[in-house]
Structure formats: structure tokens, C-alpha cells
Amino acid sequence: QVQLVESGGDLVQPGGSLRLSCTASGITANYHAIGWFRQAPGKERNMVSCISTTRGTPYYADSVRGRFTISRDNAKNAVYLQMNNLKPEDTAVYYCAARHLEFGCPTDASGMSYWGKGTLVTVSS
């Protein structure tokens, strides 16, 4: 079965950093577009970042551009999200998701084929 497993969520103070990991099994991550999404209480699930070889550069939401960096390690079949200068509004459950490379990065969460269960990031003093 296909599995995406997130890790790295934690409680961190504003201005701090976290590195989230998404490890895939049952699929080859390099042959899929991989996105990071987040959902805060009472809010919709929104795409934060996405990496795909069909894109010249990774996608970043305006709210995280310049602070977050997505990367891939093909040998480990994993995708990472380095989050720097975290803000309270970054507090959310973070999910990784995938769909086949031919479809590229999505415009929202509805088009993804596989989802992890999420990891909680809390930014608070």
C-alpha cells in the first residue's frame, strides 16, 4: 500500500525553525509531485509548497515564501520542508500529499492522490 509518513512537528517559539519530513513507501517520490499542505483549526486545508520536475522552481504560498524551503532526497524517497522564522499563524497540522508527476503540482488540495496523516506544528511563546 502507498504510505506517506510525516514527522518533525513540534512546539516552537516564534522565530524558531523546524524541519518536517515526508517519507514515502509504495511510490517513488521522484516520479510524483509532492506537496505540503496545512490546516489550522476552523480553516481550509491550503497548499504551502510543492515540488515537481514538471516545474522549473518549487511552488511556495505567498505566506511562506522566503521562510520555507522544500527539498527532495531521492535516495531516501523523502521530501522535506525546512521552516524558518516561524510565526504564530503557521500553527497548523501539516500534511504531505502526492500525485503522479504527469499531473504536476495542484492548485489546491482536492487533486492529490495520496495523503499522510499529518504532523502538528505549534508556534507559540
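Before any of the text, the structure's been laid out above.
Residues numbered from 1 in each chain as written. Predicted model: local features only at pLDDT ≥ 70, side-chain atom pairs only at ≥ 80, totals over all residues. Heavy atoms only, no water.

S.K.: How do you make sense of the state of the cysteines when you look at a structure like this?
M.R.: Enumeration according to the criterion identifies two disulfides in this entry. One disulfide in the model links Cys-50 with Cys-105; its S-S distance is 2.0 Å. Given an S-S torsion of about -95°, the disulfide between Cys-50 and Cys-105 has left-handed geometry. In this pair, Cys-50 sits in strand β5 (residues 46–51) while Cys-105 sits in the loop between β9 (92–100) and β10 (114–115), placing the two residues 55 residues apart along the sequence. When its relative accessible area of 16% is taken as the criterion, Cys-105 is described as buried. (Disulfide = S-S within 2.5 Å. Helix = DSSP H or I, 4+ residues; strand = E, 2+ residues; numbered from the N terminus. Buried < 20%, exposed > 50% of the residue type's maximum accessible area, 1.4 Å probe, protein only.)

S.K.: Help me understand the side chain of Arg-67 in this model?
M.R.: Tracing the backbone shows Arg-67 in the loop between β6 (59–60) and β7 (68–73). Using a relative accessible area of 10% as the deciding quantity, one classes Arg-67 as buried. Within the local environment of Arg-67, its side chain forms a polar contact with the backbone oxygen of Asn-85, the two atoms lying 3.0 Å apart. The residues contacting Arg-67, other than those within four sequence positions of it, are Gln-82, Met-83, Asn-84, Asn-85, Leu-86, Lys-87 and Asp-90. (Polar contact = N/O pair within 3.5 Å; in protein donor to acceptor, adjacent residues only side chain to side chain. Contact = heavy atoms within 4.5 Å.)

S.K.: Can you walk me through the pattern of salt bridges in this structure?
M.R.: It is possible for side chains bearing opposite charge to pair when their charged atoms get close. Inspection of the entire model under this criterion finds three salt bridges. Residue Arg-38 is joined to Asp-90 by a salt bridge in which the shortest nitrogen-to-oxygen separation is 2.8 Å. Note that Arg-38 is positioned in strand β4 (residues 32–39) and Asp-90 in the loop between β8 (78–83) and β9, a separation of 52 residues in sequence. Neither residue differs from the other here; Arg-38 and Asp-90 are each classed as buried. What you see here is one network of salt bridges that share partners, running through Arg-38, Arg-67 and Asp-90. (Salt bridge = Lys/Arg side-chain N within 4 Å of Asp/Glu carboxyl O.)

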